[in-house]
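Descriptive analysis of the structure
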Amino acid sequence: MKNTIGLKSNYINILEEDGSLSFGGSQDWVVKDSESKRSKNNIIRAFGCGLISAVDILAYIEKTEKQSELNGFHGHPEGEECTDECMTLEEYRERINQFERIHFHVSYWLGIPGTRLARKMNRFFRRKKLPYRAKWGMSGKKLLTRLKEMLAADIPATLGIGPGFFRKDRLGLYVMKLDKEGQFESGNLKYSLKRKGTTKDHYVTVTGIVEDEERTLLEISSWGRKYYIDFKEYTDYVKKCDNYIFSNILYIRRLENK
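Presented here is a report on the structure given in the accompanying data block.

1. Things to note about the nonpolar core
- Residues Met121, Phe125, Leu218, Ile229 and Ile252 are the most contacted members of the largest nonpolar core, which totals 65 residues.
- Ignoring anything within four residues of it in the chain, the contact list for Ile252 reads Ile57, Met121, Phe125, Tyr132, Arg133, Ala134, Met150 and Ile155.
- Core analysis: the next-biggest nonpolar cluster, separate from the first, contains six residues, Met176, Tyr191, Val210 and Tyr228 among them.

Right, here's the structure in full:
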């Protein structure tokens, strides 16, 4: 048995300088300043992962709500050519700076704490008259259920991977390779995972879930790429190194009758 759930539309793609298409945004695209490490660009580069997740999620929501303000974020599958609907790298940089200045403020070292992220999201929803509300955090037992609820409602989710103060442990990031017969739509998904890196003290965006007899995988966007996180590894990391204050999700729901 296997079960997959994901977004109904293609996720956010940006045309990079080498002509490839990203899978979501990256704070690394902000141009580094030669000034102090506390310059705005350098702060975003170092601590702006929450900003990137917020920008991408709001772009996706507005796209699905058929609003026009963020035209250009219409997604394309990885590897396809970018049409005139695709956001260029320079346009995306401008969007990051605009959202940081007007809607979200990234603080030195702190970035955007989860509770502030929820508050600023709700302020944006009210300003744009979008029928959504956000809340940071819930019990660990409800995390997977709430993630499935959000994806079923076609809403990406910000996932916090906490700092794990005074611990060296980090969470693994994987890439998936399907075998020749492996298809998500089939009843017999076969794949292999390869560990491509690790992370901690970071926000990522959950765009899908893959479950089988062996594991539950979260499909995520991070640094403009698609990775997978083993959900058990995530919960083990939180229990061993962190807590559910920092390691949690931004739960967004669509209001009824709106």
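2. A closer look at the environment of Leu130
- With respect to the helices and strands, the residue Leu130 is situated in the loop between α4 (114-127) and β4 (132-136).
- Of the residues examined, Leu130 reaches a relative accessible area of 3% and is grouped as buried.

3. Overview of the packing of helix α2 (residues 49-64) against helix α3 (residues 89-102)
- Running from N to C, α2 and α3 cross one another at 105°; their axes reach a closest spacing of 10 Å. In this view, α2 runs roughly perpendicular relative to α3, as classed from their interaxial angle. Judged by residue contacts, Leu51, Ile52, Val55, Asp56 and Leu58 of α2 engage Tyr92, Arg95, Ile96, Phe99 and Glu100 from α3.
- Within the contact of α2 with α3, the residues separate by chemical class into seven nonpolar, no polar and three charged.

4. Considering the pairing of strand β8 (residues 202-212)
- Across the eleven residues that make up β8, a large majority, ten, are buried.
- Across six bridges, the pairing between β8 and strand β9 (residues 216-222) is antiparallel. Its bridge partner lying in β9, Val210 is registered against Leu217.
- Between β8 and the antiparallel strand that follows it, β9, lie three residues.

Parameters at a glance
Residues numbered from 1 in each chain as written. Predicted model: local features only at pLDDT ≥ 70, side-chain atom pairs only at ≥ 80, totals over all residues. Heavy atoms only, no water. Core = buried A, V, L, I, M, F, W, Y, C linked by side-chain atoms within 4.5 Å. Buried < 20%, exposed > 50% of the residue type's maximum accessible area, 1.4 Å probe, protein only. Contact = heavy atoms within 4.5 Å. Helix = DSSP H or I, 4+ residues; strand = E, 2+ residues; numbered from the N terminus. Axes fitted to C-alpha atoms, helices over the stretch in contact; angles between N-to-C directions. Parallel < 35°, antiparallel > 145°, perpendicular 65-115°, else oblique. Nonpolar A, V, L, I, M, F, W, Y, C, P; charged D, E, K, R; others polar. Pairing = 2+ DSSP bridges.

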